[in-house]
Structure formats: structure tokens, C-alpha cells
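Here is how the chains run, residue by residue.
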Amino acid sequence: MIVYMPTIYPDELVYSWFCRYYVHSGCFSHKMALQELYCKKSDYLSKEFIGNLNNEVREQISEIYSLDKLILDHTMYPQYARFIPLAEKKEALYRLGHDSCDIHYLFPVLPRNDGERYLRFCPLCVKEDREMYGEAYWHRKHQIRNMCICTKHKCRLMESSVPAKSEQSFTFCPAENYTYDREVVFERDLSVIQYMEYLASVFDSAMDFENDIPISSILYDGMSRTKYLKPSGRSRYTKMLTDDMGEFYGSMGICSVASVYQIQKVLLENLYDFSVVCQIAFYLGMRAEELTASALTKEQIQQEQDSHYMRNTVPVDWELLDRETAPVLEMVVKGVYDGTANENGRPERVSERMVYREMNLLGHQLENMPRCKAVFEKYTESYPESWARKIIWAYRKLEEEGKPFYWTDIRRISGVKKKNLQKIVPYLISHTNADTVNRIMELGIVDNE
């Protein structure tokens, strides 16, 4: 039972709040605090959301703060849910507060790029927080994808040593212990400052739970005032837009610039990524309010929806699409294959169905894209080989923790069923050394337990 919960600070991540609870509660260990907060031993700390809290804690917290308000004001929900369809937005809000679910089933979550892999902080905010509250804390807006400055102080954000992904994290890392004095570097580029303020403004805007206006329609309206939409409204000059955006954002030093593939998916209502949408809208000169409180009429929405017929009638430049999509696909499938794109860090099998879904293709269209097909084949493997990689990953992960473990622990986090154990043995040696294979087998993988 939680006896004391500290007051949550403005724009503080729930994860940061729980870290301060761990510090102030007198818990003797991380494990003790985790058991007080969460349902199961396998539950891990969510850096961006709330996590699988036990019912007692959930009820105690709801008496202090509304769970919906906690999610809206103290998690990264506004980033991931901002542009998804209304029904999915409402479902995600409910499930984050009441269910245990993988966020990848609720939101489109792209792999992290360099500069986004660790929790970030502003050295001046840290100083102010310590003067005002006696301790530092993790700010939400500092963790927005592509956010590189503190919009309050106009200085560059610093990376901590705390991974931004949850990845089976069972350790509380309070900002007070992981932020440090660094030379403050102020941003001088006005365009960078304006874009970062734009991201923060969209992020902070109230969520609209009444209107269901597709983000593709909102961006279509913004394009209609530019050279990137043909006067007839039937053709979007996506390649020109991508090239111009690349030149505009390329010098800003942001973590990732939207690709033609991502831009196409957003404009055709197949992707809702916060960073991609904001890059398009800011470059087109759209006000933040146009994204967050659109006043489009039904007729304007229908006009954009009618323009989608072009997806099925205009010949596809397969060579261009293949050339521009292959690097993006490589990044996505590699992240799935090695686990860096997965919330729990576990490597997964790259399936053809997944590739078609990510590329928004119909059956057999991959045959028209040799570069993309080569990327897929590079990561293609049988189920037994995929299971072998999961077993090795689980073994190494448990070994790094430095505690005694058994085959049942490997089975639990790898997800490989006992009936499949015999099939994976021939593949183990392909992905690790003989000594590791022997140590794994000694734990009873090939035994009948």
C-alpha cells in the first residue's frame, strides 16, 4: 500500500513522479517499489506512460488525480494520439488508464534515432527546479521526438544516461541523480527556435475528443494554398515537397527529417506520426491551431477524401518509390529484427505481412520493388531461427543482470514455448559462440525439464 505520494510537478512525466516516490517512500530496493506499484513481477517501468499499475495503487492515485488528466498532462499521450482517428484516440486513453497493453497496438511508434535514445534535460530547468522544489525532475516536453532545445530558455537540451525506451526497465532513475552541470549552449538559429516552439505548442494544445477530422484533410487544406497541390486538387507534388522540406530541415540539426515515404503515408491517411505531421504543417506555414482545432467543413473534408482516387488510377513510379522507400524499410525491419524498435527490446521475426503493412502495399507488389525485396530477404528467417535469436537475447539479458537464473526465466521473457525447444538447437550456433550455446543447453533447453 502506498502511504505517501509526492505532489506531481508541472509537465512532469509519470515515470519521473514514480522515481521521486521511490526516493521519498523509504523503499529499500527498486524491486520493493515495483511490487508496491505494479501488478506482476514481469511488469516494467514505462518511461512514456503509466504502466500496469495494480488496482489498489490505481484507486489511490485516482483519488488524488484523475487518471485521464494524469495521462493527458503527464505522459506522452498527446504526442502519439494527437492525430489518430477519434475512436482510436478515445480507446487509447481508456486502455492506458485501465488495461495492460502494448502501446504499439494503440499508436504508430517509429524507431528512435540518434539524439532520441536517452531522456533529455535542460540544465537551466534543472537549476530552477532545484531552487523551487529542492530537486530536479524529467520534463515531458524535453522528450518530444525531434525536440532539441528547451523552448523556455532557448538553450540546447542535454542527453542523460537514462534510456528513453522502457525495454524491460526495472530501475528508477530520478532526474536529480542523472542530471549534471554542463555548459549552457543557447540556440541562435531563429528558424530552429520557431519550429521547436511550434512542436511544443501543438503538443500542449487541448486534445479534441469531439471532432473527427482526418489529418490528411487538414494538411490537404494547407497544401491548397501552396505550389504543392495542383489547382484541380487531384495531384500532390510530394517529391517536390519532400526535396524542399529536406533542404529546409536538413540544416536544423533535428534527429530525423521526414522521408517521401512517410510524407506520402501521412497525406494518404495511413500514418499519424506527430513529428512527420508537424514537419509538413510548419513548412507549409500552417498555424498550430489548424492542426489542433481545425474548422474544416464536411465539404472540405469530402474534397480531400475524393482526391484519394488518384491512389488507384495514377501509374506508380515503382523505380522511384523503390529507391526512396528501401532505406526507410531497412531501418524499420532492422529495428524489428534486432529488437531496438520493440518496446520490450526483444528481437522479432520480420514477416512479409509486416513489410506489406509498413509499405502500404497490396499483394505481390513487392515484386515491383527489387531493392525493398532485397531488404526483406536479407532479414527473412524461419520461425525456429527466430526462436533461437530470442533465446540468445533472453540469456544475455539475464546474464547482464548478474543474478542466478534458470531456463524458466529464459522461457518467460523470450516467449518461446517448450514444445519448440528441439527445433531451435541447430540455429543457436549460427548466432552465438559455442561456449554460450553450451551454457544455454546446460540450463535445460534440450532436456525434458
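Above this text is the structure in question.
We now turn to the structure provided with this report. (Residues numbered from 1 in each chain as written. Predicted model: local features only at pLDDT ≥ 70, side-chain atom pairs only at ≥ 80, totals over all residues. Heavy atoms only, no water.)

1. Here's the deal with the packing of helix H11 (residues 238-250) against helix H13 (residues 274-283)
Here is step 1 of the chain: One can describe the packing of H11 onto H13 by two numbers: an axis separation of 11 Å at closest approach and a directional angle of 90°. Taken together, the axes of H11 and H13 lie roughly perpendicular to each other. Counted together, Leu241, Asp244, Met245, Phe248 and Tyr249 of H11 and Cys278, Gln279, Ile280, Phe282 and Tyr283 of H13 form the full contact between these two elements.
Here is step 2 of the chain: For the contact of H11 with H13, a count of residues per class yields eight nonpolar, one polar and one charged. (Axes fitted to C-alpha atoms, helices over the stretch in contact; angles between N-to-C directions. Helix = DSSP H or I, 4+ residues; strand = E, 2+ residues; numbered from the N terminus. Parallel < 35°, antiparallel > 145°, perpendicular 65-115°, else oblique. Contact = heavy atoms within 4.5 Å. Nonpolar A, V, L, I, M, F, W, Y, C, P; charged D, E, K, R; others polar.)

2. With respect to the environment of Asn420
Here is step 1 of the chain: Structurally, Asn420 is set in the loop between helix H21 (407-414) and helix H22 (421-431).
Here is step 2 of the chain: According to the relative accessible area criterion, Asn420 is buried, its value standing at 8%.
Here is step 3 of the chain: In sequence terms Asn420 and Ser201 are 219 residues apart; their C-alpha atoms lie 51 Å from each other. (Buried < 20%, exposed > 50% of the residue type's maximum accessible area, 1.4 Å probe, protein only.)

3. With respect to the nonpolar core
Here is step 1 of the chain: Counting 97 residues, the largest nonpolar core has Phe18, Tyr77, Phe107, Leu219 and Leu291 as the members making the most contacts within it.
Here is step 2 of the chain: Ranked by residue count, the leading element in this core is helix H9 (residues 190-204), at nine residues.
Here is step 3 of the chain: For Phe107, the residues in contact, after removing those within four places along its chain, are Phe49, Tyr77, Tyr80, Ala81, Ile84, Ala92 and Leu96.
Here is step 4 of the chain: Among the nonpolar cores identified, the runner-up in size contains 20 residues, and Val328, Leu329, Val355 and Met369 belong to it. (Core = buried A, V, L, I, M, F, W, Y, C linked by side-chain atoms within 4.5 Å.)

4. A closer look at the state of the cysteines
Where two cysteines share a covalent bond between their sulfur atoms, that bond is called a disulfide.
Here is step 1 of the chain: Counted by the stated rule, this structure contains zero disulfides.
Here is step 2 of the chain: Cysteine Cys278 shares no disulfide, and the gap to the nearest cysteine sulfur, in Cys148, comes to 14 Å. (Disulfide = S-S within 2.5 Å.)

5. A look at unusual backbone geometry
Here is step 1 of the chain: For Asn146, which is not glycine, the phi dihedral falls at a positive 75°.
Here is step 2 of the chain: Note that Asn146 resides in the loop between helix H7 (123-133) and strand E2 (149-150).
Here is step 3 of the chain: Unusually for a residue other than glycine, Lys154 sits at a positive phi of about 60°.
Here is step 4 of the chain: Structurally, Lys154 is set in the loop between E2 and strand E3 (155-156).

6. Comments concerning the pattern of salt bridges
Here is step 1 of the chain: According to the stated counting rule, one finds 31 salt bridges in the structure shown.
Here is step 2 of the chain: For Glu91, the salt bridge is made with Arg95, and the minimal N-O distance between the two is 3.8 Å. With a gap of four residues between them, Glu91 and Arg95 both fall in helix H6 (residues 86-98), about one helical turn apart.
Here is step 3 of the chain: The exposure class assigned to Glu91 is partly exposed, which follows from its relative accessible area of 41%.
Here is step 4 of the chain: Arg371 is paired through a salt bridge with Asp322; the nearest N and O atoms lie 3.5 Å apart. Remark: Asp322 occurs in helix H17 (residues 318-338) and Arg371 occurs in helix H19 (residues 370-378); sequence separation between them is 49 residues.
Here is step 5 of the chain: Each of the salt bridges in this network shares a partner with another, and the network as a whole consists of Asp11, Arg140, Lys141 and Asp204. (Salt bridge = Lys/Arg side-chain N within 4 Å of Asp/Glu carboxyl O.)

Read these as layout, nothing more, since geometry by itself doesn't imply function.
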